[in-house]
Every structure is written in C-alpha cells, then in structure tokens.
Amino acid sequence: AQTVTQSQPEMSVQEAETVTLSCTYDTSESNYYLFWYKQPPSRQMILVIRQEAYKQQNATENRFSVNFQKAAKSFSLKISDSQLGDTAMYFCAFMKPAYSGAGSYQLTFGKGTKLSVIP
Amino acid sequence: AAGVIQSPRHLIKEKRETATLKCYPIPRHDTVYWYQQGPGQDPQFLISFYEKMQSDKGSIPDRFSAQQFSDYHSELNMSSLELGDSALYFCASSLSEHEQYFGPGTRLTVT
C-alpha cells in the first residue's frame, strides 16, 4: 500500500514571499501520478498541480511549481509571490498507475499542511 | 466549464436513519469516485465506478452502498447511520487516469 507523508502540519508565510511545502511518499511502483490539492475554508477540493512520475521535468502552473525527486520519493510544492487567497489546507496525493486497471485510480492523501498567508 | 454537482449540500439525519447522496459528474468523464473526509482529516477513498461498473473499493462500511446509473450520475446510500458517519462526502470525476475534479461536497451531520 502507498503512504503519503506531509511533515509540516502548519506553516505561515508573509504575503508576496515564497514558501515550500514538503511531501514524501512510499511506493514500489515505477510509474504513478502525484498531485497537490488545495482546500480553502470553503472546504472545496481544488486541484493545484499534477506530476507524472515518468516525466523528469518538474510541473509548473503559474505561481505554483513542484520539485519532484523520484529517487528520494519527494514531491514538494513551491508557492511564489504568496497571496492572501493561498491561505488553505494543502494536501499531497498519490495515484496508482494506469495499468492498475480502468477506474482504479483512487487517490491516497497525506494529512495536509495548513498554510496561512500573513498580510 | 461544467463542474461536478453534488446534492444535497447539507444533510442532517438522526442515528439509525438512511441518507442518499447524489453526484453528477463532469460530462464525458468515465470514472466517478466517492471520498469521506472526517473533521480535521484527509479524504479517504470509499468506492469508484468506471463506465457504470464498480471498479475499486476502499474503506467503505457494509452499511454503505453505491451505484452509477445509465445517465452516469451516482448515488451513495448510507443506512443505519452512526454519529461517526458525520463527515464531508466528496464526489469526484475523471477521464480515466487523468486528474480528478471534486464536487463541492455534501456535509452530513448525524445527531
């Protein structure tokens, strides 16, 4: 079974600064998918960024980027130019590989990191 | 763009009652997932459907059942409700192994 660990229960950052959220995972698979989801106070789960394990290039989405270290099984999220709207719980998630079978793409989440952006 | 729709958004039930949660996936998505998120917890996978057939099962109690209908909407049926079933229930949909998009969730309170 896969496990996802987020070692920082809470973090804070000043507005306009940069912050990095850590995530490590454990799997015996060689191909899989990793995600970061954001859950603001509204409790909506919002996809932030996606990374395929077979891609060496780190994914980037505007102010959000990842540092994917496959050998170390590490998948950190960097938020640049932090904004007040970035205040949320951030979940790292692992998805089984496609060859697991159609429809078997359940997400395994970490416990989350609560990020507060301070004005 | 169309999103995942869940109804109702809030539901209050008493112990031992039954609840039915509905989910309408994004059009043309072939897979639907149900997750349960307890207070202060991460979402836990319950069950999934691929093309209207159950495809995977997680930590879903025997008191819960789910199905996906011909129009692709899905329902999660929960019987003999317990206080511990109080949680936020998410439905998500995806196109095969691509990213999952979550609905707004149904907040279930069992009293």
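As shown above, the structure is provided for reference.
Quick summary incoming for the structure in this document. What you are looking at is a predicted structure, and each value in this text was computed from that prediction instead of being measured. (Residues numbered from 1 in each chain as written. Chains lettered and ligands numbered in written order. Predicted model: local features only at pLDDT ≥ 70, side-chain atom pairs only at ≥ 80, totals over all residues. Heavy atoms only, no water.)

### Brief notes about the overall build of chain B
Note the threshold: In this description a helix means any DSSP run of H or I spanning at least four residues, a strand means any run of E spanning at least two, and both kinds are numbered starting from the N terminus. Every radius of gyration here is taken over C-alpha atoms, with the globule rule written as 2.2 Å times N^0.38, N being the number of residues. Accessibility here uses a 1.4 Å probe with only protein chains present; expressed as a share of the type maximum, an area under 20% marks a residue as buried, one over 50% as exposed, and anything in between as partly exposed. Contact definition: two residues touch when any of their heavy atoms are within 4.5 Å. The Shrake-Rupley method, run with a 1.4 Å probe sphere, supplies the accessible areas, and residue values consider only the shown protein chains as cover.
Helix and strand counts for chain B come out as zero helices and eleven strands. The C-alpha atoms of chain B give 13 Å as radius of gyration, which agrees with the globular expectation for 111 residues (13 Å, within 12%). With 111 residues in all, chain B has 50% of them scored as buried. For chain B, the share of sequence-separated contacts (at least 6 apart) that also reach a separation of at least 24 residues comes to 52%. Of the accessible surface of chain B, which amounts to about 5200 Å², a share of 49% is contributed by carbon and sulfur atoms.

### Here's the deal with the pairing of strand β3 (residues 19-24) of chain B
The side chains of a regular strand alternate between the sheet's two faces. Residue and element names in this part refer to chain B. To be explicit about the condition: Whether two strands pair comes down to DSSP finding at least two bridges between them.
Residues of β3 alternate between two faces, with Ala-19, Leu-21 and Cys-23 buried on one and Thr-20, Lys-22 and Tyr-24 left unburied on the opposite face. With three bridges joining them, strand β1 (residues 5-7) and β3 adopt antiparallel strand pairing. Opposite Ile-5, over in β3, you have Tyr-24 as the bridge partner. Here five bridges tie β3 to strand β8 (residues 74-78), and the two strands are oriented antiparallel to one another. For Cys-23, the partnering residue across the bridge sits in β8 and is Ser-74.

### Some details on the sheet that holds β8(B)
Residues and elements named next belong to chain B. Note the following rule: Simply put, an axis is a line fit to the C-alpha atoms, just over the touching stretch for a helix, and the angle between two N-to-C directions goes from 0 to 180 degrees.
Read from one edge of the open sheet, four strands run β1-β3-β8-β7, paired in antiparallel fashion. Looking at the sheet topology across the chains shown, the edges are occupied by β1 and β7 (64-68). Put simply, the sheet's adjacent strands are angled 15° from each other on average, direction ignored. In the sheet, β7 pairs with β8 via five bridges, with the strands oriented antiparallel. Residue Gln-68 lies in a different strand from β8, and its bridge partner there is Ser-74.

### Regarding the pattern of salt bridges
For clarity, the threshold we go by: Salt bridge, as applied in this entry: a Lys or Arg side-chain nitrogen positioned within 4 Å of an Asp or Glu carboxyl oxygen.
Taken as a whole and judged by the stated rule, the model has ten salt bridges over all chains. A salt bridge links A:Lys73 to A:Asp26, with the shortest nitrogen-to-oxygen separation between them at 3.7 Å. Of the two residues, A:Lys73 sits in the loop between β8 (64-69) and β9 (74-79) while A:Asp26 sits in strand β4 (residues 24-26), which places them 47 residues apart along the sequence. Residue classification places A:Asp26 among the partly exposed positions, given a relative accessible area of 43%. Linking B:Lys22 and B:Glu75 is a salt bridge whose minimum nitrogen-to-oxygen distance equals 4.0 Å. Here B:Lys22 is found in strand β3, whereas its partner B:Glu75 is found in strand β8, with 53 residues between them in sequence.

### Overview of the pairing of β8(A)
Residues and elements named next belong to chain A. As paired elements, strand β7 (residues 60-61) and β8 share two bridges and run antiparallel to each other. When the bridges of β8 are listed, Glu-61 appears paired with Phe-64. Hairpin connection from β7 to β8: two residues lie between these consecutive antiparallel strands, with Asn-62 at a positive phi of about 55°. Relative to β9, β8 runs antiparallel, the two being bridged by six bridges.

The values reported here are purely geometric and, on their own, carry no functional implication.
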